[in-house]
Amino acid sequence: METELRTGVFICHCGINISGVLDIEDLCEYARTLPGVVTVQANLFTCAETGTSEIKAAVKEHDLNRVVVAACTPRTHEPIFRASCQEAGINPYFFEMVNIREHCSWVHRHDKEGAQAKARDLIRMGVAKALFLEPLETFRSKVEPKALVIGAGIAGMTSALAIANQGFEVILLEKEVEMGGLLRHLHKVAPSDMTAAELIGEKIAAIEKDKRIQCFTSAALEEVTGYVGNYAVRFSCGDESYSDKVGVIIVATGGASLKPVDLYNYDGEHVITQSELEIKLKDGNIGAKSIVMVQCVGARIPERNYCSRICCMVGIKNSLHIKEIVKDAKIFVLFRDIQAYGVENEALFFKAKEAGVRFIRYSLESPPVVEDGKVKIYHAGMGKEISLPADLVVLSTPIVAHDDAESISRILKVPIDEHKFFLEAHAKLSPLDFATSGIYLCGNAHYPATVREATYQALGAASRASIVLSHDTVERVGTVAAVKEELCSSCFACVKVCPYQVPHMNERGKAEIEPMQCQGCGICVAECPAEAIKFAYVSDEQITAACEALYAA
Amino acid sequence: MNKEVLVIGGGIAGIQACLDLADQGMTVYLVERLPSIGGKMAQLDKTFPTNDCSICIMGPKLFEVERHPNTQLLTYTEVEEVSGEAGNFTVKVRKKPRYVEEDKCTACGLCADKCPVAVPDQFNMGMSTRKAIYKYFPQGIPSVYTIDDSACRIFKGKKCNICAKICEAKAVNYEQKETVFELNVGAIIVATGFEVFDPSDIKPYGYRTIPDVITAMEFERLLNASGPTGGHLERPSSLKIKAEIRQLEKQIKKAKTRLKSLEKKSEESGDETRKALEEMNERLPVLQAKGASLEELRDIAFVQCVGSRDLRYNAHCCSYGCMHSVKEAVVATEHGSELQSTIFLTDMRAYGKGFHQYCLRGASEYGIQFVRGRVAEIGVGDDGRPAVWCEDMDTRKVEERPFDLVVLATACVPSKGIENLSSMIGFDLDENGFVKTDPNKPANTSVKGIFVCGCAEGPMDIPSSVSMASAAASMAVQTVKAL
Amino acid sequence: MSIQDLIEKTKVSFCQDCGVCTGSCPVSRVLPGFSPQQMVAKYVLSSDLGMEDEVLGEQDVWSCLTCALCLQRCPSKVEYLEFVRGVREEAFRAGNKITHAHDGILQTITQMQTSGLPQNRTAWAREAGTIKEEGEYYLFVGCVPYFDVLFKDMGVSPLGSASDMLKILNKFGIEPVVSDEERCCGHDMLWSGNVDLFKELALHNVELIKRLGCKKVIFGCPEGYLTFKEYYPLYCTDMGLDAVHFYDLVYDQIQEGTFQLSPLEQKVTYHDPCRLGRMAGMYDSPREIIASIPGIKFVEMERNREEAVCCGISCWANCSSYSKQIQMDRIKEAEATGADTLITACPKCNIHFSCALSSAEMGLEVKDLTQLMASAMGI
């Protein structure tokens, strides 16, 4: 039986984010003229409690069965409005969101007329599409109470231990022959003055003792399929190959220190990196009295335009350690901006100054020149170039992504950024999550981090992962593609085209898509020549209706 | 063993810790001393380096805290006493009376519309007013009104009763009393955040004596749509003149009416009023002209390290000040494309993901000027605008540069209540007054079962606070599960 | 002290390279190229590279007014003044001398005072009031008798202030010792790098005052007061003498209400001398004294107390167009308050401002606080 479609439109001022550019009253008037619309309301903040209450009240009052909100981005706000629909007693997918903030008032803020016209178009399209919305259901699937942690540096080890302590099993993979990561090569960590060996030693011992953690060294991740709560993982350890099921995955693959090939006469002997200096510090033999450190070697330059966050503190820490070994050492640190952020870093910076370490600023335009036994630099105080004696030059190079970051990102189907660091779901509020649920990140794999930071990120990632692990099942909403078997011609187009490798041929020789796995990208829907794949969330009818509405004006 | 956890502080760190715990099936009490959760992040206009609208991305989290079946939100509540040990803490809390029944109030706002008492709005850094019955901020959670008993007429023994009369939900209750009760929890997370340093301590910067010298947080509110100017970028002196003009116009109107009535009666002489009116009519165009000259905002100076990296005030770096100012400069330019922003800094600390590129873009796309040199003093220039004295460390020139507006990037200092809390619970503070932690166990305080996250531990940006909040949640769960 | 040790001691290597000192420095604002920050950086680096001698011959160390404004503002709490004093010592030793003003006559007078020539330092005092040969209080008159002779033409009367001070003291019942054998306090020598001469003067004065049986030494001059209080103890151990500033004594009497003041219809502002304010921390007593005079209207200058700006010259050296500019700026600031009188509490500030005013058309008068006080007391 056909029910009458009754649409309510809610238009948000978003303070002045929208109403500063768009004429909301006009949009309301306009929306009232659209087919199926029975009520239109404007809200100062539709997302505020008052706004959502108004939606709920309107659904009851006007017996609405479709809700359209013209406001901001569905990325952040769709869940709120869907929940409001559900609370009002209609299927949350009878909801359509129109973005008149990012798409109108923000981008076209200098063209109010154009923005207004576009907002009308978008609202008209949204309302037209809403008429063809379909109710969607939620799926549930069982959670494998086990985690895979990739990388056994300080971050990976910390994460693994935290998850185990929360009562779950962990598979810990390390590609090197032993655990410890970058810290294996370090002398001491700042500011605790603990040796890196002690620190990782404690963790390794705890991991080896913990029966819930299975650690594989010399291991390589080979394949990951599945979805949150239910990932099938395959990896090798030496010649052996292993398969297992895990509910969550933590990426703690770390980073590497850049080798400064062709920079500042690097030779690994008189001109070395901080990592190479760490080895000398471990040995307690510096073999030099006049030391010059150069910061930002290969960082904050056009080819690598990021600050590696930790190198300044590494330089400061190591200059103090040199002073411990060679009391009368003369150390100059040549820097561009000292990144001694926070409390303890700034304190350590002062401590270095107190110990007689000298800091001289240089600019990107006139970098220091390393010559035999000396470093030349323009000194602003002297107003001229000066020559600093240097038996040893230490180059502070940035943390860069590992060579295998790209291949791991492909195996996990998670994104990396332009510098090949793994890309979190949201820079501000989801720093430890990937957009793909069930996969998390921490430590240098995300971005250079101090031991303290990597540790709390690792604990945090463990917490995020434990949210999934602490439940027996996970829910997945129905914004997924589904095959109408009767129309499938078994052409394999969907199998080939899916970036997540979800579609497969079932026992009847027809394509099948596991809803828990489908990411809802829609590529197969577009590709299927038989139009056998349906995307209830974005159906052809909906798109056609929206397009027709667009050109109907 | 008690599976419940207490989170103290409802800023972004406390909220994230609370949600992580609740999502893991723990019962969480979130205590917030203010009428609403949200903390400092709720006051920000946008966030770096993505320029996300702060309350827009935070709003859903506020909602989630309130809706989550495993959380119990205790706003307007303070912790009074803590005893016990890891696994079994007894916490005495005191919930202040709102004089509005939380379960009845629908936040319709009618009461505030009619309330006759206006006081400075703390959320807008005192730059606008709110009523004695008020909502802490529009998106505040819980979405209920609160009566400020230090401002309300009823609590001053005067007659009023307007809000109670007008409230259709019958939510206003002047008789509401504070309640004191105990919670039993297995672990506690301290997420009490930070305070913004008061720069009036630094005399040469003229804060509170020169009108157009403001703090970065005040500037956030000036940029914000729900701020005192509704998001229209204006300097305080302009706002002040406008208020004066409004006042004068009112007085002129009054004087005119009075004059008319005097003319009718004709027995009294209107000379005095006429003279006053003439004087006001002369003054009005002068004020209007001055107001018009202040309307446009052409240039802004951002002064970095105000009270930070300064052994006289706070030795530490605030961690976010550089990026905060770059963001404010970018957002300001979006408000007025002709605007020129200049940032005076010592070291540019753009050490986070995407930060350096954000600064480069700030320079190339938004024309932000970066001057290396800490501002020595701010005076009033010959044209009446604030003038910044600074040595440009690159050109080695000492110059006085006037600006329409000067924004002070103030230090991040420990919250006022942290000392009290530390002595109540017994955890240590570091020499700067933040909660002391072991660098290798970053969320652990010196007391077992008590964890810390966010700026209570030390200055940090939002993603770090969020990460650390999750870390504290993990530690709390581990503690409770190990018992 | 070697420059290396001096750097350690004064913590100048804690410098954050921020430039607040230079941005604050009154000299840097008028003398392009002068930068306290740069000077620190230069000396630190030169000493690290063993090239101190190269920089010890440079002139900029003498351009500093040692006014302590940078010290007040330095976020690293660098002890800049001690650093400059130390560098000046080394520079002096290396033969680099400060450029004297007034053809060096004031330095010559100081020099002569160490030669044992008899001076007449008490004749004025005997005329003005009652003094003693021996007693608890010693009145340290300092160099004002000489200033009086040199700067009379400018309309200032430093000795007049000293006479007023003695008269007021007498009113309080204090009959201090004043001595012909007193010598210059040595302040200018100390800040010109001539420590040997300073030491000689200091030891002489301490020995003299002790010999006269005095316990408390009263100063009207901020330089003498500060030098006696802070710098004599560096060279004279077991001094056993208390330095008392005349204004503190007056302030005490005001609080006790021991005397009556007649009203003065004046609007005044007050200039904090660097030595008295930032360096000795005395801000309130002078203001309280002014406030106690009935009828007087007191207004602050924009930059006051800790933030006050120097009068432009120290140690009778380097008087040049830039000193004039600093003085003029300060006078304009005083004028902008609407005051008719600029009160000073230092004979040198008084002389410098009077000199600057003599070439400017301004409705402003410079007056010494002691003399203001004396007129209110009817002296």
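Residues numbered from 1 in each chain as written. Chains lettered and ligands numbered in written order. Predicted model: local features only at pLDDT ≥ 70, side-chain atom pairs only at ≥ 80, totals over all residues.

Undergrad: Would you explain the sheet that holds strand β13 (residues 240-246) of chain A in this entry?
TA: As a general point, the strands of a sheet are linked pairwise by backbone hydrogen bonds and lie either parallel or antiparallel. All names here are of chain A. The three strands are arranged β11-β12-β13 in an open sheet whose pairing can be described as antiparallel. Only two strands of the sheet have a single neighbouring strand rather than two, namely β11 (219-227) and β13. The mean inter-strand angle of the sheet, taken between neighbouring strand axes irrespective of direction, is 15 degrees. Of the pairings in the sheet, the one linking strand β12 (residues 230-237) to β13 comprises seven bridges and is antiparallel in character. Residue cysteine 237 lies in a different strand from β13, and its bridge partner there is glutamate 240. (Pairing = 2+ DSSP bridges. Helix = DSSP H or I, 4+ residues; strand = E, 2+ residues; numbered from the N terminus. Axes fitted to C-alpha atoms, helices over the stretch in contact; angles between N-to-C directions.)

Undergrad: How do you make sense of unusual backbone geometry when you look at a structure like this?
TA: The bulk of non-glycine residues show a negative phi, and the bulk of peptide bonds are trans. Cis geometry is adopted by the peptide bond preceding proline 49 of chain B, which originates at phenylalanine 48 of chain B and carries an omega value of -5 degrees. Along the chain, the position of proline 49 of chain B falls in the loop between β3 (46-47) and β4 (52-53). With an omega of 0 degrees, the peptide bond between isoleucine 141 of chain B and proline 142 of chain B qualifies as cis. Phi is positive for aspartate 63 of chain A, close to 55 degrees, though the residue is something other than glycine. Looking at the element boundaries, aspartate 63 of chain A is found in the loop between α2 (49-62) and β3 (66-71). The phi torsion at lysine 413 of chain A lies on the positive side, around 55 degrees, for a residue other than glycine. Summarising the element assignment, lysine 413 of chain A is placed in the loop between α11 (405-412) and β25 (439-441). When the 15 C-beta atoms within 10 Å are taken as the criterion, lysine 413 of chain A is described as partly exposed. (Buried ≥ 20, exposed ≤ 12 C-beta atoms within 10 Å, placed from the backbone.)

Undergrad: Just checking my understanding: could you explain the domain arrangement of chain A for this structure?
TA: Accessible area lost on assembly of the parts is the figure often given for the size of an interface. Per the domain assignment, the segments making up chain A are domain 1 (7-137), domain 2 (146-256 + 400-473), domain 3 (259-397) and domain 4 (478-541). Between the C-alpha centres of domain 3 of chain A and domain 4 of chain A the distance comes to 57 Å. (Domains from an automatic or database assignment.)

Undergrad: For this particular structure, what's the right way to read the pairing of β3 of chain A?
TA: For a regular strand, side chains alternate in direction, first toward one face of the sheet and then toward the other. Residues and elements named next belong to chain A. Within β3, six of the six residues are buried, leaving the element largely enclosed by the surrounding structure. Residues Arg66, Val68 and Ala70 point to one face of β3 and Val67, Val69 and Ala71 to the other, with burial holding for every one of them. As paired strands, strand β1 (residues 7-12) and β3 are joined by five bridges and run parallel to one another. Looking across to β3, one finds that phenylalanine 10 is bridged to valine 69. In terms of strand pairing, β3 meets strand β4 (residues 95-99) through five bridges, oriented parallel. Note that in β4 the partner of alanine 71 across the bridge is asparagine 99.

Undergrad: How do you make sense of the domain arrangement of chain C when you look at a structure like this?
TA: All names here are of chain C. Domain assignment breaks chain C into domain 1 (3-93), domain 2 (102-249) and domain 3 (259-376). Domain 2 and domain 3 are separated by 22 Å when their C-alpha centres are compared. With 31 residues of domain 2 at the interface, the matching set in domain 3 holds 27 residues. Sorting the residues of the side of domain 2 that touches domain 3 by element identifies α9 (105-113), α11 (144-151), α12 (158-171), α15 (222-235) and α16 (246-256) as the ones contributing at least two each. Per-element tally for the side of domain 2 that touches domain 3: the top contributor is α12, with eight residues. Grouping the amino acids of the side of domain 2 that touches domain 3 by side-chain chemistry returns 16 nonpolar, eight polar and seven charged. (Contact = placed C-beta atoms within 7 Å. Nonpolar A, V, L, I, M, F, W, Y, C, P; charged D, E, K, R; others polar.)

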